[in-house]
Amino acid sequence: MHKSHSWRFWLHHLFPVVLALVVAGCGGSSSDEEPPAQAQSGQGQACDNPGNGNPPQCEVPPPVSCTAEPPVVGGTSYPVTLTSASGETIAFQVLEPLGTIDCGQGHPLVLHGHGFGGSRTTEGFENYREAGFAVISIDQRGFGESGGTVRVMDPEFEGEDLIQILDWAEANLDYLRYRNEPDLPDALNPNLVAGAIGGSYGGGYQILLHGLDPGRRLDALVPDITWFDLRYSLNPGNVIKTGWDLVLVAGGEAGSTGQGNGGLDPILRETLAQGASLNRFPEAGQDFVYYHSPAYRCLGEPVTVSDTPDLVSYQIDPPAYDVPPTPFKAVDVLLTQGMTDTLFNFNDAWRNLECLKAAGGDVRLLTHQTGHVLPAEAPDELQPGEYVDPTADLLELPGFQGAAGQFACGDISISDATLNWLEHHLLERPLAGYFEGTDAEVCLSLADGESVRVPMDSFPAPALNGGVLQGDNVVDVAVETDTPVASGYEAVATATQPPAALLLGQAGDSGLTLGGIPTAKLTVSDLAGNAACAVELDPYAPGCDPIVFVGLGKRAAGESRWQLIDDQIKPVRGLQEQAVVELVGVAEALAPGDELALLVYGFHPQFPASWSRDALVPFVEIAGSVQVPVLAGSLKP
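Novice: Could you give me a rundown of the packing of helix H3 (residues 158-172) against helix H4 (residues 201-212), with the residues and numbers involved?
Specialist: For the pair H3 and H4, interaxial distance at closest approach is 9 Å and the crossing angle is 75°. Taken together, the axes of H3 and H4 lie roughly perpendicular to each other. Where H3 abuts H4, its residues Glu158, Gly159, Glu160, Leu162, Ile163 and Leu166 lie against Tyr201, Tyr205, Leu208, Leu209 and Leu212.

So this is what it looks like as structure tokens:
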């Protein structure tokens, strides 16, 4: 009775609060600051307040132009609306450089994109504008004042809108900077000098536009916490990430329909609804989100329109898939990624790095301690109990994840690095000293104020096409459960039981530094010892479909509770025989004597509706090995 009550407390009290906070804030919406449609808002403009409740009367400077008599002074912020090729409104904000406009050399353009559910920014960016940049902040399709449905970076919708924005900027902003690019054909020179910033959804648009723009106008990108393959991000291990998927649906719908737009596209809406209800991602939906991912160009695998789709909305209005998966061209990219991000995790950033670096250009990766974070954990005083004996079978309220940390890799501010990256590649100013070595090393954030540099060419990560982690820094440890692990209904009913901890070892006298993407090679069997289903059975058939969740955990000497490192968890679905599992990348420093284990859950709040429905497999046994990336120190048996 006590166990089920504890779980109901989390579900009914903590999760809705966090959901509401994320829906309200994760998109970075600036709707409170937005002027009315077609209005202009200038910075430093003179306003006379007539009182009596009447609105202020403002003298708004016109958009700056180099055709005016010098000196030409910028500083105005004003909205622009266009009609897209699909007949919808495209809205964006132009924020001019501050101070005197340089009509000789011109000013580079920086595009800005908001998070999912958000809208454009109408004020600010002073540090960029003072540095000499013009900024265009975009309402992505279906959000803010941009019409239509949200397709999640569809090349044929959002992609075409983004190209149209660049075309407008070149036709209307006569103070932009151009230069000759030696690697471009003569027809594209002189070429616009432009870059892009934004996080999450605001990172996805950057990579999409770079791959799609025939003018090759983006010179430098800084995508933060963005995705590589939405099939992996939303459906890892073929298990719907229902915690984040439901938050994204709620946030996306509220951010779109709340502005009078169409909300999520019917294909997306049906994909996520069907996935959550049937506990499996529809095949047509898999193709749809893959087409909208950098992985589409990186893997080079085309998508064709299905003749027998498993989505009604797909049958009514099928996607075109007309854009071929041509490889990316070279571009300078600063990827930044949160180690504690549980939506688009470190693996997304690493795969983007591999792909974009192979295309050429200056590509680097800095990590930090924030990102997509839902800090929903019961405070210690609400936990059922604490025990000094680390072998005690204590109860605990499961949490989604802990709080975020600093937006920095050690002492490198990601905000400062973003601006300096664009200054270097667009204004030809020197890179800051903290960038030294990052052309060949990844900066891994271990904790606030702590980081480690890891060479890219020997970074501990498995190959994209699979296989276990190998290399000089890898420790391979055999694991096996002592007692069965609950799955499905049994796991939900005992959600306050701690995870099974398969001990991997103990940090040596000098401690232990983990960093990279670990793997595991696991056999998952039922209590009868079956590790596979009959060939003729569907993998989701009764008796074939247990689900467990695994991740690396640490525990300090003398403590009872295990801590999931970086809150990263990976589902393992079905009966398996020596299946290779790519775990989520981690970076962590363990003190001498700290224990390390593979934690195994039958239920986890990051997947609140994605536990197994297979009542014929209430428990599983797990055996195999874990490949641990050790950067420094030792892992003792």
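Novice: Please set out the state of the cysteines residue by residue, giving values where relevant.
Specialist: Following the criterion strictly, the structure yields 4 disulfides and no others. Paired through a disulfide, cysteine 409 and cysteine 443 show a sulfur-sulfur distance of 2.0 Å. In this structure the cystine formed by cysteine 409 and cysteine 443 twists about its S-S bond by roughly -105°; its chirality is therefore left-handed. With cysteine 409 in strand E14 (residues 408-409) and cysteine 443 in strand E16 (residues 441-447), the pair connects residues that are 34 residues apart, well separated along the chain.

Novice: Let's hear about the pattern of salt bridges: which residues, and what values?
Specialist: In this structure the tally under the stated criterion is 20 salt bridges. Two residues, glutamate 170 and arginine 217, come together in a salt bridge whose shortest N-O distance is 2.8 Å. You can see glutamate 170 sitting in helix H3 and its partner arginine 217 sitting in the loop between H4 and strand E11 (218-224), a full 47 residues away along the chain. Taking the relative accessible area as the measure of exposure, glutamate 170 reaches 29% and is therefore partly exposed. In this structure, arginine 351 engages glutamate 582 in a salt bridge whose closest nitrogen and oxygen atoms are separated by 2.7 Å. Placement of the pair is arginine 351 in helix H11 (residues 346-358) and glutamate 582 in strand E25 (residues 576-582), with a sequence separation of 231 residues.

Novice: Break down the pairing of strand E22 (residues 547-555) for me, citing the residues and quoting the values.
Specialist: In terms of burial, E22 is largely enclosed, as 9 of its 9 residues are buried. Across the two faces of E22 the burial is the same, with Ile547, Phe549, Gly551, Gly553 and Arg555 and Val548, Val550, Leu552 and Lys554 all buried. Pairing between E22 and strand E24 (residues 570-573): 4 bridges, direction antiparallel. Residue pairing in the sheet places phenylalanine 549 in a bridge with proline 571 of E24. Pairing geometry for E22 and strand E27 (residues 595-601), over 7 bridges, is antiparallel. Its bridge partner being in E27, phenylalanine 549 is matched across the sheet by tyrosine 601.

The rules behind each value
- Residues numbered from 1 in each chain as written.
- Predicted model: local features only at pLDDT ≥ 70, side-chain atom pairs only at ≥ 80, totals over all residues.
- Heavy atoms only, no water.
- Axes fitted to C-alpha atoms, helices over the stretch in contact; angles between N-to-C directions.
- Helix = DSSP H or I, 4+ residues; strand = E, 2+ residues; numbered from the N terminus.
- Parallel < 35°, antiparallel > 145°, perpendicular 65-115°, else oblique.
- Contact = heavy atoms within 4.5 Å.
- Disulfide = S-S within 2.5 Å.
- Salt bridge = Lys/Arg side-chain N within 4 Å of Asp/Glu carboxyl O.
- Buried < 20%, exposed > 50% of the residue type's maximum accessible area, 1.4 Å probe, protein only.
- Pairing = 2+ DSSP bridges.

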